Amino acid sequence: MERVVPMLLVPVPAEATGRLGSRAQLHREQEVLGSLTAAGSLQVLSLAAGGRGGSGCSLDGPFRHFVWEDSHNSSTPTDKPRLLALSENNELLIYEFNLKDGRCDGTILYNCSEEALQKLIEDQNVSISLLTLRILSFHNNTSLLLINKCIILHIMFPGRDAEIRVLSYFTLCLPAQAVDSVIDMQLCRGILFVLSSLGWIYIFDIVGGTHVAHVDLALHQEDMCDEQQQEPAKISSFTSLKVSQDLDIVVIVGSSNSAIALNLNLYFRQHPGHLFCEKTLEDIPIEGAKGIDEDDLVNSDYNMKLTKFSFQVDRSWKAQLLSLNETIKSSTMEVSHCAPWFQDILRLEYPDSNNHCTNVPGWAFIPQDIMHSQYSFPQKSHAKTSDPGRAWKIMHISEQEEPIELRCVSVTGFTALFAWTVGKMGCTIVLWDLEIEGIQCVSLGKRCIPIDNSGDQQLCLVLTENGLSLILFGLTQEEFLNRLMIHGSASTVDTLCHLNDWGRCSIPIHALEAGIENRQLDTVDFFLKSKENLLNPSPKSSVPDQFDHFPSQLYLRNVEELTPALDLLCSAIRESNSETQSKNFSEQLLNLTLSFLNKQIKELFIHSEELDEHLQKGVNILTSYINELRTFMIKFPWKLTDAVDEYDVNENVPKVKESTIWEKLSIEEVIANAILNNKIPEAQTFFRINSHSAQRLEELIKIGLDLVFDNLKKNNVKEASELLKNMGFDVKDQLLKICFYTTDKNIRDFLVEILKEKNSFSEKEKRTIDFVHQVEKFYSEHLQENMQIQSFPRYWVMEQDFFKHKSVLDSFLKYDHKDKLNKQNHRIALNWAQWWNQLTQESILLPRINPEEYKSYSPEALWRYLTARHDWLSITSWIGEFQTQNSYSSLQQNKWPPLTIDIIDQSTCCNNNMRNKILDELARNGIFLISELEDFELFLLRLNRIGGVMQDTLPVQNYRSKEGWDFHSHFILYCLEHSLQYLLYVYLDCYK
């Protein structure tokens, strides 16, 4: 994701921006900007809220230059912005603008013609002709002018009737060949930087005109060649310069798509001879602090701050530790250990002051610690840069497209901002990161005007086709809104989102926590508004079926993600409601939360005909919060009553207009009419007047559900669905419940067909329905049972579980010709069959199937069924196949499913006589139960039943005990352990 956020701040009509020139300058304090057109006219545009989209005025001119008055520290602040303009004929004019009530009216306060200005110069005993004129500053009714690129004239403009006067006048000490080569200059914090086309920057003190330093731009070739061990790209000429507000970085723009950033602190440390003004210690007046003994340590510490020595007066252990700690913390910040290059130049004033008047104190040496504490300049850590000691850094823009203009808009100690104008692409904003030496470009189209602002902060403001916009680098839209929500106000965030069409923004929950803690209802309101777009597919769309394309799973997930915020709101309402002084806040918070929840449910039902499982869960979650918050509604007259006779029938109850019609109908008809027409409250009022129990909603809903069932008996599913929907039920869910719980076969089969068409059944439910139909088919046919089943012995006993199933089935499925009262068509409820496992289902079907189909059923169910009926013929047949089922050829011809010894052991459901008979038959073939093999005595008993241990073919060839004994060894051991000597003699004699 690109970490750039273009953001519209003030919408401006296209026709208003169309009148502006290629550049514009914003007033530092007032919401107004000015722009010079190519024709020389001065366009002033108001950006105030009452300006109705960019009202402005036009000053004909023609003008060459203008400067807004800096009223930041003005002694006479005013809400009427002023500017100083320079006309083509070197006339100075002061304009004042009235921005009240959405107007922008300009008035000339003062003008000074070229002749008057020439006379002021001659009054200073200087005889020159006025060739060039430039306004350097305009502050507190005073202005600094640069005349003929080398003369500084400081003038003060009087009132309307007074004369203009000169405050100071001096000539800059520029070399003779450099005067005509001056191409750009900038005044910053009382220091004037002058750029010469000869490759020099001259630095002057604007108070006295002292030449304090100069910079040789040609040195960048030599220094960078030494650092990079290769020859850098050469910059042929320079066009402009820009100095950072902390006087640390100067950016010089070249004519070949390039720019140079110079760290002045590093430069003057490498070339100290280029810094001319440096105060000595003899100039420092050492004076003790007032009211403190001169022999006191505090006085010594105070005096040491005025020196360059690092001697520590306080020699205590704590002071030494603090000193070491500070040294370690700042060990990586090499630059911060040295005083700034301008410490001997810049006079002591407030850091944000731009006062350029001459009434300033004289020069004073400013120590390092006082300098840093007074100016609080940001200290940069160079540990992360590629080369921390580099004074020069060069930026090259792609040479594929030749720019019309590359201009530096602003500079800080860390970044530089450029406006790059290209013919085909229009304007592009370029951010140059001086730390990592990377650039980031944002193309804004052809009709884009960069804005110059003189504030200390680096703001990237541009005028686009839509209006005044701010471009933020290094963060995303969501990160910006989150920070603004926490550190700003929700109303501002709301305004920006509405202005920029940022509908789907996610506000973090900790912003809501901060809003509740600080009692900021606008923050809570904006948080809830931001979540509305998460619950609705498209708030701007008016298509009725827009919700059909919105995944219900996503809706449910959004609701579940919202529950922590709703829990927080409910908790805040609960806590503030218990405090008397917070009642008002609790009510307002309750109103916002309930309005949000009700709106979400309303929107959902508007855009969705029926709710599926996910949507219903989401509605249930929101409804639970509504039910919880309703208990805090103090204005609703709750009346808790259960009995009908407790109502006061004579109280003032409004009359229902449908009463005349409803009085002629039965109770069921009234309720049906009310539900179908969404008039349940009116029906409750009607029943309340008539003292009927249906005035209670539970009773009315109960009768409504009976009406639904009656409609289903008539196969009127449309009206039944409408009744369910208007009563607030999930139609699909209720029809499924009726289908699975009813014992009315007609209703059940009717609903099965309806719900199958809507694909409402799961695969498991479909299998359950098919099984029930199969059972009903088998048990409704009066076929004679198989002859094998009829020829059962007289002594067979019905197995208990099967008898339970059969008794239930017989009572509901078999028709008794003798009982005429049982002519109702009873059938199985689908819900019963849902709880029957596979074994139970097969046990129900086995009595009615053909024996040829036995193989397709599970051996557990079939063995249980045959043994329960004592079907010895089938059992012996199956046991016979069991002996040969290991062969592949027999598997293809078997008519019985595979049988295991575990099934025989666990699923045999006959009497003991039959069970022993089965086990004896298996034992003769060498098949024994595991339980008998593990218990040797049981094993001997089983052998005893089939002929004993001494017979010709003893079926114990595969016997092995847990200890590894074969049968003969184990039997001998058994006889020895139980002192059966005679049996042992006979046994050994038999097998000798």
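Predicted model, so just to flag it, every value in this text is computed and none were measured.

## Focus on the overall build of the protein
Point 1. Secondary structure assignment for the protein yields 36 helices and 28 strands.
Point 2. Across the 992 residues in the protein, those meeting the buried criterion constitute 47%.
Point 3. Taking the contacts inside the protein whose residues are at least 6 apart along the sequence as the reference set, 55% of them involve residues at least 24 apart.
Point 4. Entry remark: accessible area of the protein is about 52900 Å², with carbon and sulfur atoms responsible for 50%.

## Focus on helix α13 (residues 552–577)
Point 1. Between the first and last C-alpha of α13 there are 35 Å, a value that for 26 residues agrees with the 38 Å anticipated at 1.5 Å per step.
Point 2. Along its length, α13 shows its largest kink, about 40°, at Thr-563, and proline Pro-564 lies within four residues downstream of that point.

## Concerning the packing of α13 against helix α14 (residues 583–606)
Point 1. Where α13 meets α14, the closest approach of the two axes is 9 Å, and the angle between their N-to-C directions is 160°. Classed by the angle they form, the pair α13 and α14 counts as roughly antiparallel. The way α13 lies across α14 gives a crossing that is left-handed. Only Lys-583, Phe-585, Ser-586, Leu-589, Leu-590, Thr-593, Phe-596, Leu-597 and Leu-604 of α14 make contact with α13, whose side of the interface consists of Tyr-555, Leu-562, Leu-566, Leu-569, Ala-572, Ile-573, Ser-576 and Asn-577.
Point 2. The class makeup of the residues in the contact of α13 with α14 is twelve nonpolar, four polar and one charged.

## Side note on the packing of helix α17 (residues 667–676) against helix α20 (residues 717–726)
Point 1. Running from amino to carboxyl end, α17 crosses α20 at an angle of 70°, the nearest separation of the two axes being 8 Å. By the angle between their directions, the pair α17 and α20 is classed as roughly perpendicular. Across the interface between the two elements, Ala-672, Ile-675 and Leu-676 of α17 pack against Glu-719, Glu-722, Leu-723 and Asn-726 of α20.
Point 2. Partitioning the contact of α17 with α20 into residue classes produces four nonpolar, one polar and two charged.

## Here we look at the sheet that holds strand β10 (residues 133–139)
Point 1. Ordered by their spatial adjacency, four strands build an open sheet running β10-β11-β12-β13, and the pairing between neighbours is antiparallel. In the strand order of this sheet, the two ends are held by β10 and β13 (165–171), each with one partner. Averaged over all pairs of adjacent strands, the angle between strand axes in this sheet comes to 20°, irrespective of strand direction.
Point 2. Across six bridges, the pairing between β10 and strand β11 (residues 142–147) is antiparallel. Paired with Ile-135 across the strands is Leu-145, a residue of β11.

## Points about the pairing of strand β18 (residues 238–243)
Point 1. With five bridges connecting them, β18 and strand β19 (residues 249–254) associate as antiparallel partners. When the bridges of β19 are listed, Ser-240 appears paired with Val-253.
Point 2. Counted between consecutive antiparallel strands, the loop separating β18 from β19 contains five residues, among which Leu-247 sits at a positive phi close to 60°.

## Quick word on the environment of Thr-428
Point 1. Along the chain, the position of Thr-428 falls in strand β24 (residues 426–433).
Point 2. According to the relative accessible area criterion, Thr-428 is buried, its value standing at 2%.
Point 3. Along the sequence, Thr-428 and Leu-406 sit 22 residues apart, while their C-alpha atoms lie 9.6 Å from each other.

## Some remarks on a nonpolar patch on the surface
Point 1. A cluster of nonpolar side chains, Met-950, Leu-980, Leu-983, Val-986 and Tyr-991, forms an exposed patch at the surface whose accessible area comes to about 360 Å².
Point 2. Inspection of the secondary structure puts Leu-980 in the loop between α35 (967–977) and α36 (981–990).

## With respect to the sheet that holds strand β5 (residues 56–59)
Point 1. Reading across the sheet, the eight strands line up as β1-β28-β27-β26-β2-β3-β4-β5 and stay open at both edges, with mixed pairing between neighbours. Strand pairing shows two members of the sheet lacking a second neighbour, β1 (4–11) and β5, which therefore form its edges. Shown here is a sheet whose adjacent strand axes are inclined to one another by a mean of 30°, direction ignored.
Point 2. Two elements, strand β2 (residues 24–26) and strand β26 (residues 449–453), share three bridges in a ladder whose sense is parallel. In the sheet register, Ala-24 faces β26, and the bridge partner there is Ile-451.

## Observations concerning a negative patch on the surface
Point 1. A contiguous patch of negative charge on the surface is contributed by Asp-293, Glu-294, Asp-295 and Asp-296.
Point 2. Tracing the backbone through its elements, the reader meets Asp-296 in the loop between α5 (264–270) and α6 (297–304).

## Remarks on the packing of aromatic side chains
Point 1. Overall, the coordinates contain 32 aromatic pairs when judged by the stated rule.
Point 2. Note on Tyr-110 and Phe-157: the rings are 5.8 Å apart at their centroids and 65° apart in plane angle, and the pair reads as edge-to-face. With a gap of 47 residues between them, Tyr-110 in strand β9 (residues 105–112) and Phe-157 in the loop between β12 (151–156) and β13 connect regions that are remote in the sequence. Both residues of the pair, Tyr-110 and Phe-157, count as buried.
Point 3. Ring geometry for Phe-928 and Phe-939: centres 4.7 Å apart, planes at 65°, overall edge-to-face. With Phe-928 in the loop between α32 (912–924) and α33 (930–934) and Phe-939 in helix α34 (residues 936–945), this pair connects stretches of sequence that are eleven residues apart.

## Quick notes on the nonpolar core
The tendency in soluble globular proteins is for nonpolar side chains to be buried side by side.
Point 1. The biggest cluster of nonpolar side chains holds 71 residues, and the ones touching the most others in it are Leu-712, Trp-863, Ile-904 and Leu-922.
Point 2. Sequence-distant contacts of Ile-904, defined by excluding residues within four places in its chain, comprise Trp-863, Phe-882, Leu-899, Arg-915, Leu-919, Leu-922 and Leu-929.
Point 3. Residues Leu-463, Leu-496, Leu-562 and Ile-601 belong to the second largest nonpolar core, which totals 60 residues.

## Re the pairing of strand β17 (residues 211–216)
Point 1. Among the six residues in β17, five count as buried, and that is most of the element.
Point 2. Where strand β16 (residues 200–205) lies against β17, five bridges are found, and the strand directions are antiparallel. Across the sheet, Phe-204 pairs through a bridge with His-211, a residue of β17.
Point 3. Here β16 folds back onto β17, and the loop between the two strands holds five residues, one of which, Gly-209, carries a positive phi near 80°.

## Side note on the pattern of salt bridges
Point 1. Scanning all chains against the criterion turns up 19 salt bridges.
Point 2. Salt-bridge contacts for Arg-407 lead to Asp-452; the nearest nitrogen and oxygen are separated by 2.9 Å. Taken together, the residues Arg-407 in strand β22 (residues 405–411) and Asp-452 in strand β26 connect sequence positions 45 residues apart.
Point 3. Judged by relative accessible area, Arg-407 falls into the buried class, the value being 8%.
Point 4. Glu-921 serves as the salt-bridge partner of Arg-924, at 3.6 Å between the closest nitrogen and oxygen.

## Considerations on helix α18 (residues 680–689)
Point 1. Inspection of α18 places Ile-680, Ala-683, Thr-685, Phe-686 and Phe-687 among the buried residues, and these make up the whole buried set.
Point 2. Looking one or two places after α18, you find Ser-691, whose phi comes out positive at around 55°.

## Comments concerning the side chain of Asp-749
Point 1. Along the chain, Asp-749 turns up in helix α22 (residues 745–757).
Point 2. A polar atom in the side chain of Asp-749 sits 2.7 Å from the side chain of Lys-745.
Point 3. Among the polar contacts made by the side chain of Asp-749, one reaches the side chain of Arg-748 at a distance of 3.1 Å.

## A closer look at the confidence of the model for the protein
Point 1. Per-residue confidence for the protein averages 77 on the pLDDT scale, and 77% of its residues sit at or above 70.
Point 2. Here residues 537–548 is modelled with pLDDT under 50, and outside its nearest four sequence neighbours on either side it reaches 19 contacts, counting other chains as well.
Point 3. Below a pLDDT of 50 lies the segment residues 635–650, which in the model reaches 15 contacts outside its immediate sequence neighbourhood of four places, other chains included.

## What about unusual backbone geometry?
Point 1. A positive phi angle is found at Asn-148, which is not glycine, with a value near 55°.
Point 2. Looking at the element boundaries, Asn-148 is found in the loop between β11 and β12.

Calculation criteria
- Residues numbered from 1 in each chain as written.
- Predicted model: local features only at pLDDT ≥ 70, side-chain atom pairs only at ≥ 80, totals over all residues.
- Heavy atoms only, no water.
- Helix = DSSP H or I, 4+ residues; strand = E, 2+ residues; numbered from the N terminus.
- Buried < 20%, exposed > 50% of the residue type's maximum accessible area, 1.4 Å probe, protein only.
- Contact = heavy atoms within 4.5 Å.
- Areas by Shrake-Rupley, 256 points an atom, 1.4 Å probe, with all protein chains shown as cover.
- Expected span 1.5 Å × (residues − 1).
- Bend = angle between axes of the 7 residues up to and from the residue.
- Axes fitted to C-alpha atoms, helices over the stretch in contact; angles between N-to-C directions.
- Parallel < 35°, antiparallel > 145°, perpendicular 65-115°, else oblique.
- Left-handed = near helix turned anticlockwise from the far one by under 90°.
- Nonpolar A, V, L, I, M, F, W, Y, C, P; charged D, E, K, R; others polar.
- Pairing = 2+ DSSP bridges.
- Patch = residues over 30% accessible without salt bridge, like charges linked within 9 Å, V, L, I, M, F, W, Y side chains within 5 Å.
- Salt bridge = Lys/Arg side-chain N within 4 Å of Asp/Glu carboxyl O.
- Lys, Arg positive; Asp, Glu negative; His and termini not counted.
- Charge placed at Lys NZ, Arg CZ, Asp CG, Glu CD.
- Phe/Tyr/Trp six-rings, centres within 6.5 Å; stacked < 30°, edge-to-face > 60°.
- Core = buried A, V, L, I, M, F, W, Y, C linked by side-chain atoms within 4.5 Å.
- Polar contact = N/O pair within 3.5 Å; in protein donor to acceptor, adjacent residues only side chain to side chain.
- pLDDT = per-residue confidence, 0-100.

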